[in-house]
Each structure stands twice: as structure tokens, then as C-alpha cells.
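The lines below spell out each chain.
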Amino acid sequence: MSDLKKTGLSSAKRRQFLGDAARTACGCAVAATFLTVYQAQAKALPADAIRPPGALTEEEFLSACVRCGLCVRDCPYDTLKLAELGETGPATGTPYFTARDVPCEMCEDIPCVAACPTGALDHSLTDIDDADMGVAVLIDQENCLNFLGLRCDVCYRVCPLIDEAIKLEMTPNTRTGSHAVFSPTVYADACTGCGKCEKACVLPESAIKVLPRRIARAESAEHYRLGWEEKAKAGNALVPGVIDLPDRVPDAGAFEPVFQPGKGQ
Amino acid sequence: MTTHALDAQSLKEKKRSWVLRNRFLLLRRSTQLLVLALFLAGPWAGVWIVKGTLTSSMTLNILPLSDPFLLLQTMVTGHWPELTGLIGLAIVVVSYAVFGGRLYCSWVCPMNVVTDSANWLHRKLDLKKGWQPKKHTRYWVLAMTLLVAAGSGSLAYELVNPVTLLHRGLVFGMGFAWAAVLMVFLFDTFVSRHGWCGHLCPMGAVYGLLNTKSLLRISAKNREACDDCMDCFEVCPENHVISPALRGKGDDTPLIQHRDCTSCGRCIDVCDLDVFSFTHRFDTQLIQPTSIEPGPRDPVATKAMGGHK
Ligand code: SF4
Ligand code: SF4
Ligand code: SF4
Ligand code: SF4
Ligand code: SF4
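Predicted model, so just to flag it, every value in this text is computed and none were measured. (Residues numbered from 1 in each chain as written. Chains lettered and ligands numbered in written order. Predicted model: local features only at pLDDT ≥ 70, side-chain atom pairs only at ≥ 80, totals over all residues. Heavy atoms only, no water.)

A common way to state how big an interface is: give the accessible area lost once the parts meet. Each partner contributes to the interface: chain A provides 40 residues, whereas chain B provides 43 residues. Summed over the shared surface of chain A and chain B, the result is one salt bridge. The partner of A:Asp74 in a salt bridge is B:Lys51, and the shortest N-O contact between them spans 2.7 Å. If you look at where chain A meets chain B, you find 14 residue pairs in polar contact (both at pLDDT 80 or more). The element that contributes the greatest number of residues to the side of chain A that touches chain B is helix 1 (residues 2-41) of chain A, accounting for 11 residues. (Contact = heavy atoms within 4.5 Å. Salt bridge = Lys/Arg side-chain N within 4 Å of Asp/Glu carboxyl O. Polar contact = N/O pair within 3.5 Å; in protein donor to acceptor, adjacent residues only side chain to side chain. Helix = DSSP H or I, 4+ residues; strand = E, 2+ residues; numbered from the N terminus.)

Let us now look at the nonpolar core. All names here are of chain B. Counting residues in each nonpolar core, the largest one holds 115 residues, and the members touching the most others are Tyr104, Met111, Ile242, Leu246 and Phe276. For this core, the element with the highest residue contribution is helix 8 (residues 137-152), accounting for six residues. Excluding anything up to four places from it in sequence, Phe276 contacts Ile218, Ser219, Ala220, Cys232, Ile242, Leu246, Ile256, Cys267, Ile268 and Cys271. (Core = buried A, V, L, I, M, F, W, Y, C linked by side-chain atoms within 4.5 Å. Buried < 20%, exposed > 50% of the residue type's maximum accessible area, 1.4 Å probe, protein only.)

Its identity as a non-glycine residue notwithstanding, A:Asp163 has a phi of 70°, on the positive side. Tracing the backbone through its elements, the reader meets A:Asp163 in the loop between helix 5 (154-158) and strand 4 (166-173). A residue is classified by how much of its surface remains accessible, and A:Asp163, at 43% relative accessible area, is partly exposed. One non-glycine residue with positive phi stands out, namely B:Asp228, at about 60°. As for its placement among the helices and strands, B:Asp228 is situated in the loop between strand 4 (216-219) and helix 13 (231-235).

This brings us to the UniProt feature "transmembrane region" (unreviewed entry) in chain B. All names here are of chain B. Residues annotated in UniProt with the feature "transmembrane region" (unreviewed entry) correspond here to residues 33-50, 83-105, 139-157 and 169-187. Helix makes up 87% of residues 83-105 and strand 0%. Its end C-alpha atoms lie 26 Å apart. With 79% helix and 0% strand, residues 169-187 has end C-alpha atoms that lie 20 Å from one another. (UniProt positions renumbered as here; feature names shortened; annotations may be inferred.)

To continue, consider the site of ligand 5. Taken together, the neighbourhood of ligand 5 is formed by 13 residues, with B:Cys236, B:Cys261, B:Cys264, B:Gly265 and B:Cys267 sitting nearest. Within the shell around ligand 5, the residues separate by chemical class into nine nonpolar, three polar and one charged. (Near = heavy atom within 4 Å. Nonpolar A, V, L, I, M, F, W, Y, C, P; charged D, E, K, R; others polar.)

What follows is the structure, encoded as C-alpha cells:
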């Protein structure tokens, strides 16, 4: 009799226990759902927020970074900051910088990477010239002073990888007809995305901006081949026996410069 | 009998000053402030002693420390931290596991001030207990945060973790982090007594797990003197841990062995009869009752003083 009573009691207890557990599990499931949705929304990284040098891909970065701020503290130029809750920026607590405010000075010893305890900033980055924080893009040719025909050159001159990451490319100035336009041209393979050019641009709003690679770059189709490269590789014409017709080059004589020295203007 | 009890009451209040009745509280506030000051000395005064935050820090460029819960979240996403992170983790885990897992909660964590204040207000307003989650809820929450981290491949909980939000806010800039802290305060005051630290916080849960075999323990050594005033139960953030030690009979250990005990020392503070004291886990000694004490567990005396706070 007492045995029966005992088991009856314990089964009631067990029912209650299971009920409690089920309730707690449901509560946790609801919380987990909210959290999953929230983190999915918080994954969007604005285009002007740039991760420190050596940052893993955004997806991996968000799984690695513990938001400790050690990289921020060891940056001698106060470039980096941690995203605060509620600001429309990167995921809360993660480090980033805004090039137009303070760019990365590309320290040789990369103290930010050395400070990172989790490897969210990849310690295999040892040469800062290999950093890939983003790519500078001359985003507004209509306002860039060099494109207007002046010799501003500021973005070009400040680049730590001058003549590698950014070059001045000369084209005839068709407006004046007798000058050159020195267009600042970024070479994405060399550009580290440090943002020195964006910071330095003399315009009230920079004409050159660092963007994440995913936005800045197109992707060439895998099967495309550049004929001239293939030819150089092969050492001879790829299709032998094809007659090489003369290339049609714009007639130099048809171009009448407006300003002609010696023509008595 | 009643007069006797009241006499004893006024007697014991007279001989214990305010400082004595709050000594561990004051000590804890000091260590909490000190920890914060060490983090703030750099950004505020340029004295770089500790860099980073409680999630991961570097002291004097030599001692790395990392929070186990944070690194656990990272690791379940499949990312393996760098050596400094792992060393910092090992140091933290070993130190807390040896000395007292939940020392973090009561002596270091900045949220402790918030939840203690909430509880103070709760007591002042004489509010009801409110919602009391079941005792394993914090482990469910812990499992949930880790599952979401593993499933989403990101430290999702860190977007809402009020503890790291608060500390990072204080050291790096608050943003809207105060809102998360306010929610914890209101929750603890009006919705659930000791709700956050005592039932939900997964960080506390991890430190609790480290507390299972720690050396530092509270002992209700002098339990024979207890007059059932209930002050310790009233003030303890985890008051289910007290009974087995305090109400133990004969050879039952006077040690508070439950891993939920935060070693905050509040029970020592508030007890006018010096029932509790800090000791180590091997000290199971009991103080034998002396004849001078008023009859302990005297049903009438108990009744007369029962309502006294
Ligand atoms: S490389 Fe130097 S300047 Fe750039 S983010 Fe790192 S520490 Fe700062
Ligand atoms: S040091 Fe590493 S883990 Fe810490 S905030 Fe910077 S990137 Fe994140
Ligand atoms: S971001 Fe600008 S300054 Fe920096 S490497 Fe690229 S082109 Fe040069
Ligand atoms: S600094 Fe600005 S305006 Fe000057 S050349 Fe560069 S992009 Fe153009
Ligand atoms: S038993 Fe004492 S030391 Fe432990 S949590 Fe409660 S009040 Fe604090």
C-alpha cells in the first residue's frame, strides 16, 4: 500500500518535473528564435565601416571576435573603435574604423593584430602591405580635381604604396585639347584599403573612398582569357596562319587642338 | 520570555556597528570599483595597467585573461582562439575553479551593483517574490546561447548580453547599453526577485560550474546560535544554498557546498550572532554551543523575533 502511494507520488513529481522542463525549454526556444533573427539582422556591415587589418571574412570574424577591444587599445593612432549598442554600424562591440575620420596608418609591426587573443585578426598577416581591409575606388570623377584637369594629386601622394596601389594615369584633356588629365587610378591587388587617400581628399566629401572588396570589385568569368596574355605565354600567335590586318587607330590628324602655340593666337 | 528576546535583540544590534554589518559588502564594492578603475586608468589617465575588457584583457602587457563563457561561445562556432586567448582562459578557469567560481559574480562583475541595488529596492518596497524560474533555468539559458552560437556561426548572445554590454559600455562608450542594464534592474526589482544573477545569467552559470569543488566556502559553523531571524535568507542572492548547512543536525556538514553560493559574504555581514564565516572546503568544524547564548531554537523566542528584520 505504502509502495503504491510512493510510486504514485513520484510519478506525479515526475510529471511536474517534465512539465517544468518542457516550459523552460519552450521559453528558451522562443528566446533562441529571437536571438537568431536579431543576429541575422546585425550581420549587415555598412560599406563605410572597415574592419582592422587581418580581419577574417565577415562571417568568420563574427564567430571569432569576443569584442574585447584589445586591438582598439593597441592601435597607436586611435584608428579603431568598438561599435556601440544602437548605432547603425557593425555588430555591437566589434572593432572597425571610418577611413574619413581616422585611417589606418599601416604600422609595420601591426600591433592591432598582435593584440588579438582570438585570431579574429589573423596572426598570419605579418606584412602590412598584404592587408586587405578594402579597396579604394575613385568614386566621383565629376568632382575629382585631377579629373577636372588640375594637379591636386593629394590622394596619390599620401598613399603608403604610391605608384603601386595608386598611380596617375595620363590621358589627353579633351576639354582644353592640349593638356593632360592625371587620373588617380587604384590597383586593387596592391591597395590595402588603409583609407589614407579617402581621409586626405581635399573635397568636402571625398571623391575617393575605400569600400569592402565585395562592393568594390567585379569578378571576371572563369573562362575568360586575355588574348594578348595568352599570346605572350605561348610565345607566338595562338591561331597560326591568320592574317594580321592593320589595327584601325584614330586618325591623329583629325584631332585639332584648340590651343596651338606658334599659330599666333 | 518576550522581553528576554527583545533584550537580546537590542543587545546584539548595539554591539555591531554599521561598518561591521556591511564589511563584506564594502569590501566587495571596493574590489568591483578597483577592477573598473584598473580598466579605466588607461583611457582616462593614460596609465595603462589593464587593457581590453572583462571578456579578454591584458594586464601590464604580460598577463592575459579571458572569460570562459566568451571563449566557449567562440569555440562552439568552430573557431579556435590564439594561444594568448587560450592561456588567458586557462588562468581564469584554474584560478576560479580553485579559489571560488562565483567570486567573479560577487567581487568582480559590474552587474552585481545593479542587481544588488535592485534587490535593496525590492526589499525596501516590500515587494512579492514575483516570478521564480526553476532552479536549472540558468543552465538551459547557457545551453540555448551556445546552441544559437553554434547554429548561427556568430556570437549572437553578445549582442544582448547585459553584462558585457555594461562593462564594455563603461570602458569604451555606452551607446544604448544603459537600456539593457535598466531592463535588468527593473526585472530584478519588479518582475523577479534575484531574477537575473540568481536564475538566468549564463555567465554566472559557467562560473557556478567552476564553483563545484572550489576551496573557499562559507561555513555555518556557529549554527547552534542561530535564532531563526531569517536575515540571511532575506539577503542572500541564492538563499536555497543556506538551509542544508544552517539547518543541518549533528554531523551534517556546516559548509555551504552548493555551487550557486557566490561567496559574497552577505550572510556573514547580516548575522548578528556570527553564525557564518569564510573558511575552506575541508573545515567541517562546528562551534559547540556555549551556555551564555540565549536558548537557541527556543520556540517562543523564535516567535517573538520572527518578524524582526
Ligand atoms: S595597422 Fe596600425 S594604424 Fe592600422 S589599425 Fe592596426 S594599429 Fe591601427
Ligand atoms: S582584439 Fe580581436 S577579439 Fe578583441 S575586439 Fe579586436 S578583433 Fe575582436
Ligand atoms: S586605400 Fe588609398 S592610400 Fe591606402 S593603399 Fe589604397 S590607394 Fe593607397
Ligand atoms: S585628393 Fe580627391 S580631389 Fe584630389 S585627386 Fe585625389 S580624389 Fe581627386
Ligand atoms: S550563502 Fe552567504 S555568501 Fe553564499 S550567496 Fe548567500 S549570502 Fe552570499
